[in-house]
Amino acid sequence: MAKLGHIVVVGASLAGLRMLQALRRLGFDGRLTAVGEEPHPPYDRPPLSKQVLTEDWPPDRTALLRDEDTALDIDWRLGARACGLEPGERKLKLESGEHIGFDACAITTGALARRIPNTPDIKGIHTLRNLDDALAIRALLKGSPRVAVVGGGFVGAEVAASCRARGLEVTMVEALPAPLERGLGRRMGMYMAELHRDHGVELRLGVGVKEFIGDTQVAGLRLSDGAHIPAELVVIGIGATPATDWLEGSGLELDDGVLCDEMCRARRAPFVVAAGDVARWPNRRFGEVMRVEHWTNATEQADHAAAQLLAGSAAREPFTPVPFVWSDQFDYKLQFCGRFTPEDESVVVDGSLAERRFVMLFGNKGQVRGVLGINRPRLVMKYRGLIRRGLSFADAKRPSR
Ligand SMILES: Cc1cc2nc3c(=O)[nH]c(=O)nc-3n(C[C@H](O)[C@H](O)[C@H](O)COP(=O)(O)OP(=O)(O)OC[C@H]3O[C@@H](n4cnc5c(N)ncnc54)[C@H](O)[C@@H]3O)c2cc1C
């Protein structure tokens, strides 16, 4: 590949910033442009559902840029939304009408909060994806509303925990029989349900939202089982969808994200890479085409994709991480590495469920594929390394571990 003169990174958040940092670290000395829709410089999202809502952190503590990053010499184009990509012409189109030419492009546009269709446009109904969402919710929490959280995934469960930490009345509504079931399975989902109940969260499981009650301000929810949940604040946490709308018509393959090869290069456009929540690629280690919405993946994949972009066709290195996510709820640090499927067998190898401090391994065909820990951070990281090296259940159960 000819020497690259100008690289454009679209999406100026975690994966975007890590991409820019990696490109410079790896010796790229050409032009770097970062295009970001939000007006804010890159900031961290995990504290938005935790320390920002509980007011343990001022919002500016989420900033990701450090003083030394000025040396990266980046042309920041913030508050600028990309609305089209022409890979053949190597041009990016901005909503302002401006076109930016490039030699290579990195797509790091993340994901957007999913919405419930036909949600009325009334006060008090929010999603939580960005800093402005978190600040709006935080402002409402000061009025001590009754809170309904729709969706029991990681973000919903964290919002519920943060609101309880503020002493608010919280109801969580989840369509599946247990919160966190999609990521951790029924058994551990029920376990997390118990943990939330013990901390005062009212759980409504296996039901959906039939309608929002209220004319100009939300007053509550009507559930599919007929129940009425009074609430002056509703936070919807039903997942996210990859931000690929702006790539329609670009010719890139889009299928629940930007479809990439094993090296994180967009199919048919090797001078375009993708990383973070927006990227979908075949992870050889798990034999699965995956898209991972976790902080650690955004950083690791950005590093990897930056290296692949600069390496050209000479060095092809597949991206084969063991995915990792953490979640802080009440006084519990939950961490999960790897993959979970409902057919997996599981075994507790440290601590106990009763103590709420344990490490549990998941897997099948004799192979460990996932590890879940509650308040056992170091051990979980150790098992992440062991899964990378191909840990078998037989070895994992040996007492010497
Ligand atoms: C509330 C919350 C809490 C979380 N907590 C945890 C946690 O505890 N642990 C964990 O592992 N993960 C957590 N995550 C997930 C983690 O934050 C994400 O995986 C990470 O932010 C992904 O980074 P990204 O850069 O790929 O995408 P994003 O952070 O979504 O950034 C994408 C950026 O691209 C911009 N953009 C989108 N479209 C365009 C466009 N057309 N033009 C220009 N710019 C565009 C967006 O505005 C955004 O700024 C949390 C996420 C949220 C929302």
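Structure: see above.
Okay, so let's go over this structure.

### Focus on the overall build of the chain
Piece 1. What the chain contains, in helices and strands, is eight helices and 27 strands.
Piece 2. Taken over C-alpha atoms, the radius of gyration comes to 22 Å for the chain, in line with the 21 Å a tight globule of 401 residues would show.
Piece 3. With the C-alpha coordinates of the chain rotated into their principal frame, the extents come out at 60 × 60 × 40 Å.
Piece 4. Going through the 401 residues of the chain one by one, you find that 53% of them count as buried.
Piece 5. Counting only contacts in the chain whose residues sit at least 6 apart along the sequence, the fraction spanning at least 24 positions is 61%.

### What about the packing of aromatic side chains?
Piece 1. A full pass over the atoms with the stated rule returns six aromatic pairs.
Piece 2. Three or more aromatic residues joined by ring pairs make a cluster, and in this case those are Trp 295, Phe 324 and Trp 326.
Piece 3. The ring of Phe 271 is capped by Arg 90, whose NZ or CZ atom sits 3.6 Å from the centre of that ring.

### Structural notes on the sheet that holds strand β22 (residues 288-290)
Piece 1. Taken in spatial order, the three strands of this open sheet run β18-β21-β22, and their pairing is mixed. This sheet does not close on itself; its edge strands, each paired only once, are β18 (258-259) and β22.
Piece 2. When β18 meets strand β21 (residues 279-283), the two strands line up parallel, connected through two bridges. Considered in β21, the bridge of Leu 259 is made with Arg 280.

### Concerning the site of the ligand
Piece 1. Lining the immediate environment of the ligand, one finds 32 residues, of which Glu 38, Arg 45, Lys 50, Arg 129 and Asp 277 sit closest.
Piece 2. Between the ligand and Glu 38, the relevant distance is 2.6 Å, taken from an oxygen atom to a side-chain nitrogen or oxygen of the residue.
Piece 3. Surface burial for the ligand is 95%, taken as the share of its 1,000 Å² of free accessible area covered by protein chains.
Piece 4. Only α1 (14-25), β2 (31-36), α4 (154-165), α6 (295-311) and β23 (324-329) provide two or more residues apiece to the shell around the ligand.
Piece 5. For the shell around the ligand, the class distribution of residues is 14 nonpolar, nine polar and nine charged.
Piece 6. Each of domain 1 (6-50 + 64-112 + 241-311) and domain 2 (115-238) contributes no fewer than three residues to the shell around the ligand.

### What about the pairing of β23?
Piece 1. Looking at chain direction, β23 and strand β24 (residues 332-338) are connected through six bridges and run antiparallel. Residue pairing across strands places Trp 326 opposite Gln 335, the latter belonging to β24.
Piece 2. The turn linking β23 back onto β24 is made up of two residues, and Phe 330 within it adopts a positive phi angle of 55°.

### Comments concerning the environment of Cys 264
Piece 1. Mapping Cys 264 onto the fold places it in the loop between β18 and β19 (265-266).
Piece 2. Counting along the chain gives 187 residues from Cys 264 to Arg 77, while the straight-line C-alpha distance between them is 24 Å.
Piece 3. Setting aside chain neighbours within four positions, we find Cys 264 in contact with Val 272, Val 273, Ala 274, Gln 301, His 304, Ala 305 and Phe 319.

### Quick word on the pairing of strand β25 (residues 345-352)
Piece 1. For β25 and strand β26 (residues 357-364), the ladder comprises seven bridges, and the chain directions are antiparallel. For Ser 352, the partnering residue across the bridge sits in β26 and is Arg 357.
Piece 2. Turn length for the β25-β26 hairpin, with the two strands adjacent in sequence and antiparallel, is four residues, and the turn residue Arg 356 shows positive phi of about 60°.

### Quick notes on the environment of Leu 48
Piece 1. Topologically, Leu 48 is positioned in the loop between β2 and α2 (51-54).
Piece 2. By relative accessible area, which is 3% here, Leu 48 ends up buried.
Piece 3. Sequence separation between Leu 48 and Met 381 is 333 residues; the distance between their C-alpha atoms is 24 Å.
Piece 4. With residues near it in sequence (within four places) discarded, Leu 48 still touches Tyr 43, Leu 53, Thr 62, Leu 128, Arg 129, Asn 130, Leu 131 and Ala 134.

### Some points on the pattern of salt bridges
Piece 1. Tallied over the entire structure, the rule returns 29 salt bridges.
Piece 2. The shortest N-O distance in the salt bridge between Lys 50 and Glu 158 comes to 2.9 Å. You can see Lys 50 sitting in the loop between β2 and α2 and its partner Glu 158 sitting in helix α4, a full 108 residues away along the chain.
Piece 3. For Glu 158, a relative accessible area of 4% corresponds to the buried category.

### Focus: the nonpolar core
Piece 1. Counting 70 residues, the largest nonpolar core has Met 19, Leu 85, Leu 92 and Ile 107 as the members making the most contacts within it.
Piece 2. Formed jointly, this core draws a minimum of three residues from each of two domains, domain 1 (6-50 + 64-112 + 241-311) and domain 3 (331-396).
Piece 3. Setting aside residues no more than four positions away along its own chain, Leu 85 makes contact with Lys 91, Leu 92, Phe 102, Cys 105, Ile 107, Trp 246, Leu 247, Ser 250 and Leu 252.
Piece 4. Counting residues in hydrophobic clusters, the runner-up holds 23 residues, among them Val 52, Val 159, Met 172 and Leu 203.

Rules used throughout
Here the residue numbering is sequential within each chain, running from 1 through the sequence in written order. Local features in this predicted model are restricted to residues whose pLDDT is 70 or higher, and side-chain atom pairs enter the listing and the counts only when it is 80 or higher, whereas totals over whole chains, interfaces and linings include all residues. As a convention, hydrogens and water are excluded, and side-chain values are obtained from all of the structure's heavy atoms. Secondary structure elements are defined from DSSP: runs of H or I of at least 4 residues count as helices, runs of E of at least 2 residues count as strands, and each element is numbered from the N terminus. Using C-alpha atoms as the atom set, the radius of gyration is obtained and then compared with a globule rule of 2.2 Å times the number of residues to the power 0.38. Each residue gets one of three labels from its accessible area relative to the maximum for its type: buried under 20%, exposed over 50%, partly exposed in between, using a 1.4 Å probe on protein chains only. Any two residues whose heavy atoms approach within 4.5 Å at even a single point are treated as in contact. Pairing of aromatic rings covers Phe, Tyr and the six-membered ring of Trp, with a centre-to-centre limit of 6.5 Å; geometry is then stacked below 30 degrees between planes, edge-to-face above 60, and tilted otherwise. Charge-over-ring contacts are defined here by two conditions on Lys NZ or Arg CZ: a distance within 6 Å of the ring centre and an angle within 35 degrees of the ring normal. Between any two strands, at least two bridges found by DSSP are needed for them to pair. Definition of nearness: a residue and a molecule or strand are near each other if at least one heavy atom of the residue lies within 4 Å of the molecule or strand. Polar contacts, as counted here, are pairs of nitrogen or oxygen atoms within 3.5 Å of one another; within protein the pair requires one atom able to donate a hydrogen and one able to accept it, and residues that are adjacent in sequence qualify only if both atoms are side-chain atoms. Surface exposure here means Shrake-Rupley accessible area, sampled with a 1.4 Å probe, where a residue is shielded only by the protein chains that are shown. Residues are sorted three ways: Asp, Glu, Lys and Arg are charged, Ala, Val, Leu, Ile, Met, Phe, Trp, Tyr, Cys and Pro are nonpolar, and all the rest, Gly among them, are polar. Segmentation of the chain into domains, including their bounds, is taken from an automatic or database domain assignment. Here, a salt bridge means any side-chain nitrogen of Lys or Arg that lies within 4 Å of a carboxyl oxygen of Asp or Glu. Here, nonpolar core means buried Ala, Val, Leu, Ile, Met, Phe, Trp, Tyr and Cys residues that are tied together by side-chain atoms lying within 4.5 Å of each other.

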